[in-house]
Amino acid sequence: MHHNQNHILEDILETITASDNPDQSLDRIVRIIADRFNIDVCSVYVYNPYVNNLVLKATVGLNEASIGIIEMDIDEGLTGLVIENMAPVFIVNPVTHERFKYYEGSGEEVYKTFLGVPLIYHKKVLGALVAQTLAEEGIQKTDIHLFQNIASQIAATVAFTILQEDRLQTSPPKTQSVTDETTDITDKSPLLRGEPASDRVAFGYAQYIFETIDFDQVHQIAITDITKEIKRLEKAFKSAAAQIKHVAEHTRGISDQERAIIEAHLMFLSDQSLRKKIVTKISHNLCAEYALKQVILEYEEMFKSIDDPYLSERSADILDIGRRVLGNLVGMSGDSDQAFTRDTIIVASDISPVDLLAIRQPNLKGIVLAKGGRTSHTVIMAKSLEIPIVIGVEGVLDTVRVNDYLIVDGVSGFVYANPTPEIRQEYERRQEENKQTLKKLEGLRNKPAETTDGKFIRLGANIGLLSDMMLARQYGADDIGLYRTEFPFLLRKAFPSENEQVSLYERMLKKSNGRSVTIRTFDVGGDKFLSYVDYPKEDNPFLGWRSIRLSLDLEDVFRTQIRAILRASAFGKTKILFPMITSIEEIRRVISIVSEEKESLNQQSVDYDRDIKLGIMVEVPAAVPILDRMLKYVDFVNIGTNDLMQYLLAVDRNNKKVAVHFNVLHPSVIATIDQIVSVCNRFEKQLCICGEAASVKVCIFLFIGMGATHISMVPSAIPGVKQFIRAIAHQDAKDALNACLQMEDAKEIGAYLKEKLGNLIT
Ligand code: PEP
Ligand code: MG
């Protein structure tokens, strides 16, 4: 058996991520293993503790018809021995072994080797992975370790297969009576999967927010009760009409034109023929949402094709009404100022960072989005608010209904709707375990992030809100590497005044307890829009009127912020950072603005830090080749890995569809960051690496190898990162970086780093 172990683990992981369901993953996994190692039989058996037996769950080589049928007691057979011992069992010539047991029709008697390794997940035995070969040397003792490794990789998948089945059939009797009063677990209780975007888990009841659902999110799901579906539809129509009336009655100054539209909407909602069409579809077994979608889209088409401009424009109204009814069907309240009375998980197609800020409240425990990107500002904001979030959960809007009880696992990306008590208990236990781990890490708070060979790394915190400063201290940040000032701007009705800003920054600086704070001038546009700025309609807002470009166009507002930061600098160590710098002209302009504002403060004898340091974010690739020239103008550099990757790889950081291409281990990303670090080191300019990659351990390893000594991240990541840095050597990081710089693709780099760092990154 000669195969590179890294590749197989990679392939398996990829398979798990690409499969639609755990059963499919298991099937593919056994195929990969059988194929790569040239073994004749590879099977997965699952252990059922309630009846103490093992069931064949996936196989290559044994009779596939026996999947789900071969069952064996633990005290019989060699696989049982694996479970009994909780350790690998390797036997040559198994037929001669006293525990060998022949299962009619399995065809196992011809195999000359047997290797079984237990599948263990969270210290529980879930089953066994078994390999058998016809040749006596087909498997050797030295292979045991590799198989154990594979088993640990697939254990989670097996766990989820079991959990899913538990819900469907085999839950033990005691659980069937335990139902939550508000949920109906006899309904299907789905397991959904998205992209993990957090390091936490949340529990709570599903709630939709308005204006987030559209028909492209709606798919057919099987229904069992037609009458119930029709009732749901009727109710949704009624509530939609009531909402429109409510808006009409409670909004002052409605124009005649608006009133006409409202009337038209109401008329449409009471149109019997429309409703009849939908009901007919439901009686053909379509779910209400899907039936509505079909009919509304038909109407839309019909109106669009009418050769009368007035009528054809009404197609937009039809869609509006349809969306409103849809919102009511899935249970969105239509009310944006909701107060959550209990632990709540927001479910939405997408949500802007502004909306997230607007609805945040103590009872908002988690977020599940059908769309979204890992480095979107919504995710960044959710992390800073310490709200667990899972993004890219396709199908969530079809499956989750209001008041479903959800577990949102931001670590694995799994979302459970109405999980069984076992799953709940398992997660509660994990919460407890995590708390203990965090407690242990607390001991690191006052220790430096120093590699084993004595290299010190400064760990900064990225913050956005005043409350983040507390987190930065709590998690032991050395400084504030990035303060995103736009967040306080987002919620207001107008730009905050100079005094308001001074008082905010002053409070920030005072709370920092002497740590330096890098204040970044507001970075709006892209995915962060201020309600009080009139934005042009842009096809590509991230390539458009964003960040420093917008600031320099709104020069008064920009100057106000510069003055506010300068005045606040009297109260603590402050640096000013300018985002999205693309050219030296921009640098010259911001420097002259700062000088002029300094001068005017001098004249008014206002106190500020005269030696305040100015820096730029390098996050547009255009800055990299001219960085040597840019550095003459500035004191320091922050790398924004999120945008640098987005612009370098031409991958929208928020677009789920291309999320697989947003790969930080892309050789060009590594080479580009390496180039920035070396130029800064050559010119002896301070450099801090920010962005989400700065909390990813394999990246940190490379950054340290490049010679970076300052990284900044979400506060909660600091303890784990510190622990990691204290376990690695600078020299190893340098060697690894050099090796990676020669490699051809992200996959190879990822596999290499994984092998190199082993359990330091799990
Ligand atoms: C970045 O782009 O990596 C960054 C740190 O800034 P932001 O995420 O706010 O764009
Ligand atoms: Mg950025």
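Residues numbered from 1 in each chain as written. Chains lettered and ligands numbered in written order. Predicted model: local features only at pLDDT ≥ 70, side-chain atom pairs only at ≥ 80, totals over all residues. Heavy atoms only, no water.

> Explain the overall build of the chain residue by residue, including any values.
Within the chain, the secondary structure is distributed over 27 helices and 23 strands. Taking 27 Å as the expected radius of gyration for a compact globule of 762 residues, we find that the chain reaches 29 Å, a close match to that expectation. Counting the 762 residues in the chain, one finds 55% classified as buried. Relative to all contacts within the chain whose residues are 6 or more apart in sequence, the contacts with residues 24 or more apart total 68%. Just so you have it, the chain exposes about 33500 Å², and 50% of that area is on carbon and sulfur atoms. Looking at charge distribution, the chain has the averaged site of its 86 positive side-chain charges lying 5 Å from that of its 104 negative ones. (Helix = DSSP H or I, 4+ residues; strand = E, 2+ residues; numbered from the N terminus. Rg over C-alpha atoms; globule rule 2.2 N^0.38 Å. Buried < 20%, exposed > 50% of the residue type's maximum accessible area, 1.4 Å probe, protein only. Contact = heavy atoms within 4.5 Å. Areas by Shrake-Rupley, 256 points an atom, 1.4 Å probe, with all protein chains shown as cover. Lys, Arg positive; Asp, Glu negative; His and termini not counted. Charge placed at Lys NZ, Arg CZ, Asp CG, Glu CD.)

> So, the coordination of the magnesium ion (ligand 2): which residues are in play, and what are the values?
Distances from the magnesium ion (ligand 2) to its protein donors, namely Glu619 (OE) and Asp643 (OD), fall within the range 2.0 to 2.1 Å. Taken as a pair, Glu619 in the loop between β20 (613–618) and α21 (627–630) and Asp643 in helix α22 (residues 641–649) lie far apart in primary sequence, 24 residues in all. The exposure class assigned to Asp643 is buried, which follows from its relative accessible area of 3%. (Donors = N, O, S within 2.8 Å, 3.2 Å for Na, K, Ca; no water.)

> Can you explain unusual backbone geometry? Please cite residues and give values.
For residues other than glycine, phi is negative in most cases, and the peptide bonds are mostly trans. With a phi angle near 55°, Glu386 is a residue other than glycine that sits in the positive phi range. Tracing the backbone shows Glu386 in the loop between α12 (377–384) and β12 (389–391). Of note, the phi angle at Asn418 is positive, near 50°, even though the residue is not glycine. Here Asn418 shows up in the loop between β14 (414–417) and α14 (421–442).

> Let's hear about the sheet that holds β14: which residues, and what values?
Taking strand neighbours across the sheet as the criterion, the eight strands line up as β7-β14-β13-β9-β10-β11-β12-β8 in an open arrangement whose pairing is mixed. Where the open sheet ends on each side, the last strands, each with one partner, are β7 (191–193) and β8 (195–196). Two strands pair when backbone bridges link them, and strand β10 (residues 344–348) and strand β11 (residues 364–369) are joined in this way by five bridges, in the parallel orientation. When the bridges of β11 are listed, Ala348 appears paired with Leu369. (Pairing = 2+ DSSP bridges.)

> Lay out a nonpolar patch on the surface with the relevant residues and their values.
A cluster of nonpolar side chains, contributed by Ile306, Tyr310 and Leu311, occupies part of the molecular surface with about 270 Å² of accessible area. Its location among the elements puts Leu311 in helix α10 (residues 309–330). (Patch = residues over 30% accessible without salt bridge, like charges linked within 9 Å, V, L, I, M, F, W, Y side chains within 5 Å. Salt bridge = Lys/Arg side-chain N within 4 Å of Asp/Glu carboxyl O.)

> How would you sum up the environment of Leu627? Please name residues and give values.
By the element assignment, Leu627 lies in helix α21. By relative accessible area, Leu627 is classed as buried at 0%. Remark: the alpha-carbon pair of Leu627 and Ile676, spanning 49 residues in sequence, is separated by 7.5 Å. Among all residues touching Leu627, those that are not within four sequence positions of it are Val618, Val637, Ile676, Val679 and Cys680.

> Help me get a handle on the packing of aromatic side chains, residues and values and all.
Within this structure, the stated rule accounts for 13 aromatic pairs. Relative to Trp545, the ring of Tyr535 has its centre 6.0 Å away and its plane inclined at 75°; by these criteria the two rings are edge-to-face. Taken together, the positions of Tyr535 in the loop between β18 (517–520) and α18 (547–553) and Trp545 in the loop between β18 and α18 put the pair 10 residues apart, joining distant regions of the chain. The buried category is assigned to Tyr535, whose relative accessible area is 17%. Ring-pair connections join several aromatic residues into one group, and the members of that group are Phe489, Phe495, Phe522 and Tyr532. Positioned above the aromatic ring of Phe636 is the side chain of Lys575, whose terminal nitrogen or guanidinium carbon lies 4.9 Å from the ring centre. (Phe/Tyr/Trp six-rings, centres within 6.5 Å; stacked < 30°, edge-to-face > 60°. Lys NZ or Arg CZ within 6 Å of the ring centre and 35° of its normal.)

> How would you summarise the site of ligand 1 if you had to cite specific residues and measurements?
Taken together, the neighbourhood of ligand 1 is formed by 15 residues, with Arg484, Arg520, Asn642, Asp643 and Arg653 sitting nearest. The contact in question runs from an oxygen atom of ligand 1 to an N or O atom on the side chain of Glu619, over 2.9 Å. Measuring from an oxygen atom of ligand 1, one finds a side-chain N or O atom of Arg653 at 2.8 Å. The protein chains hide 100% of the 280 Å² of surface that ligand 1 would expose on its own. Broken down by element, the residue count for the shell around ligand 1 peaks at three residues, all from α22. (Near = heavy atom within 4 Å. Polar contact = N/O pair within 3.5 Å; in protein donor to acceptor, adjacent residues only side chain to side chain.)

> Which residues make up the nonpolar core, and what values do they have?
Within the largest apolar cluster, 126 residues are counted, with the highest numbers of intra-cluster contacts made by Phe578, Ile676 and Ile711. Residues Leu286, Ala288, Val295 and Val325 belong to the second largest nonpolar core, which totals 33 residues. (Core = buried A, V, L, I, M, F, W, Y, C linked by side-chain atoms within 4.5 Å.)

> I'd like a description of the sheet that holds strand β5 (residues 113–121), backed by residues and values.
Across the sheet, six strands lie side by side as β3-β2-β1-β6-β5-β4; this open sheet has antiparallel pairing. The open sheet terminates on both sides in strands that have one partner only, identified here as β3 (71–73) and β4 (89–92). Neighbour-to-neighbour, the strand axes of this sheet turn through a mean angle of 25°, independent of strand direction. Taken together, the nine bridges between β5 and strand β6 (residues 124–133) define a ladder with antiparallel strand orientation. Looking across to β6, one finds that Gly116 is bridged to Val130. (Axes fitted to C-alpha atoms, helices over the stretch in contact; angles between N-to-C directions.)

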